[in-house]
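Summary of the model geometry
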Amino acid sequence: MSTGTAWIEAHAQDLNGWGPVVAAARKSQVVALGENTRESAEIDRHRVELVKTLVEDAEYRVIVIPDSANVAERMDDYALGRRSDLREVVLSGWLPNRTEANAEMLKWAREFNEAHPDSPVRFVGNGPRETEPEDYDRVVALAERLDPAAVESLRERYDVVRTAHDVNEHIQTHQGIHPGRPFVHLAGEALDLVRALPEGEGKAEAVALADDIRGFHANSVAAMPDFGEIAKGIAARIIAAHERTGQKIVYFDGFALTGILSDVEVAVNPGKPFGSAGRLLRDRFGSGYVSVLLAFGHGVIRGGEVAIPEPGNGYVEKTLLDSGADEVLLPLGDGWPDGPVKLRIIAGVYSPDEDEQHGIDVPSLRQAADFLGFVRTITESPQL
């Protein structure tokens, strides 16, 4: 029996009971839930249950979602009873967030707020405002007023690049359906067309929107952005939300962003290691930042088309599988064996044939996370 297996058997607790996390959360300011995949029904379920528990039992009142400020504003309005179009709100979000689990979380938040009007749950995005599909239509409509002849060329470009709102550009490349030219180039050409429109009412708005659209595609994963700068922006928004509201924050995202990692490299941006938002937040809040990792062993996703095999030696998940663990919570600070390990990150570009390319190196798991929740087998997360 390995040291890791023995430790797991001695320390494993039921993942359906979050007592140790709640105890740590009561003494903290920010709890981050880092998932190693956004495509698991089981991990979604546990994440939503932990969010609810932190709100109900540890007085957390701000939920930071991995999405834009405009999507978070709609979620906030729904949770506060200002709108009733739940399905539309969820479907307006980032593609991995359009799930039944997130719809359930919003419905619960609305019910909680109705019962606690003096201490409501609020939603905040981890990103700035981002371009949305109707922005393309607005630019075209404004352009048509100024120069109808320019509209066809504008539509040719926007009809292509707006597909990224249904299937992210880097996923299109992975699936072999990308039309060829980088979307940032097409969006840049569209911006030039808008800038060349005759002067008149609405041109300034059209240029501003077209510039935002180009920026959206320039900062997409396909354009290989600086993840270090993205992490800094996330950390800054969480710190600002804490300072503005004075409330405790629960933040969920991918573990490569929430984990306390100084030098992490991911498959969607190879060769460009970065410091995580979790690293910056631990620096800011010290032990007041709690990192929770939610991971899994193997399973089937994407309508049964992708079977994720068991990981190889050297992976955290392999040790957990060998121990027989399933739906367990592990307090890593209680003495998890230290040393470098690997952890799989299953993102949209994952392929079982390239499984080894989808791991991150973690110099010390117990320094990267305070708690580890593990599910042995996963299934696909139901989309709304």
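Before reading on, note that the structure itself is shown above.
Residues numbered from 1 in each chain as written. Predicted model: local features only at pLDDT ≥ 70, side-chain atom pairs only at ≥ 80, totals over all residues. Heavy atoms only, no water.

Structural notes on the layout of surface pockets
Under the convention used in this document: Two kinds of site are reported from a 1 Å grid over the protein atoms alone, namely cavities, where a 1.4 Å probe fits but cannot get out, and pockets, open sets with protein on both sides within 12 Å along at least five of seven lines, and residues are called lining when an atom falls within 4 Å of a point. Grid points are joined across faces, edges and corners, and a volume is the space filled by probe spheres set on the points. Numbering goes from the N terminus for both helices and strands, where a helix is a DSSP run of H or I of at least four residues and a strand is a run of E of at least two. Each residue is assigned to one class: nonpolar for Ala, Val, Leu, Ile, Met, Phe, Trp, Tyr, Cys and Pro, charged for Asp, Glu, Lys and Arg, and polar for all the others, Gly among them.
Roughly 320 Å³ of volume is contained in the second largest pocket. Going through the elements one at a time, β3 (60-65), α4 (69-79), β4 (122-125) and α12 (227-245) are the ones with two or more residues in the lining of the second largest pocket. Across the lining of the second largest pocket, the residue classes break down as 7 nonpolar, 5 polar and 6 charged.

With respect to the packing of aromatic side chains
The following threshold applies: The pairing test for Phe, Tyr and Trp rings, Trp by its six-membered ring, is centres within 6.5 Å, and the orientation test on the planes gives stacked under 30 degrees, edge-to-face over 60, and tilted for anything in between. In this scheme, Lys NZ or Arg CZ marks a charge over a ring once it lies within 6 Å of the ring centre and within 35 degrees of the ring normal.
Under the criterion given, the structure shown has 4 aromatic pairs. Here the basic side chain of R47 rests over the ring of F252, its NZ or CZ set 4.2 Å away from the ring centre. Its guanidinium or amino end placed over the ring of F285, R284 lies 4.7 Å from that ring's centre, counting from NZ or CZ.

A word on empty space enclosed by the protein
With a probe scaled to a water molecule rolled over the atoms, the places where space remains empty come into view. Summed over the entire model, instances satisfying the criterion amount to 1 cavity of 30 Å³ or more. Of the voids in this model, the largest cavity is the one considered here, and its volume is about 40 Å³. Of the residues in the lining of the largest cavity, the class split is 3 nonpolar, 1 polar and 4 charged.

Quick word on the packing of helix α10 (residues 183-195) against helix α11 (residues 203-218)
Quick note on the threshold: A fitted line through C-alpha atoms represents every axis, and for helices the fit uses only the stretch in contact; the resulting angles, taken between N-to-C directions, go from 0 to 180 degrees. Working rule for angles: under 35 degrees goes down as roughly parallel, over 145 as roughly antiparallel, 65 to 115 as roughly perpendicular, anything else as oblique. It only takes one pair of heavy atoms within 4.5 Å for two residues to be counted as in contact.
Contact pair α10 / α11: the axes reach a minimum separation of 8 Å and the direction vectors enclose 170°. Compared by their axis directions, α10 and α11 come out roughly antiparallel. Contact residues: α10 offers F183, V184, A187, G188, L191, V194 and R195, while α11 offers K203, A206, V207, A210, D211, I213, R214, H217 and A218.

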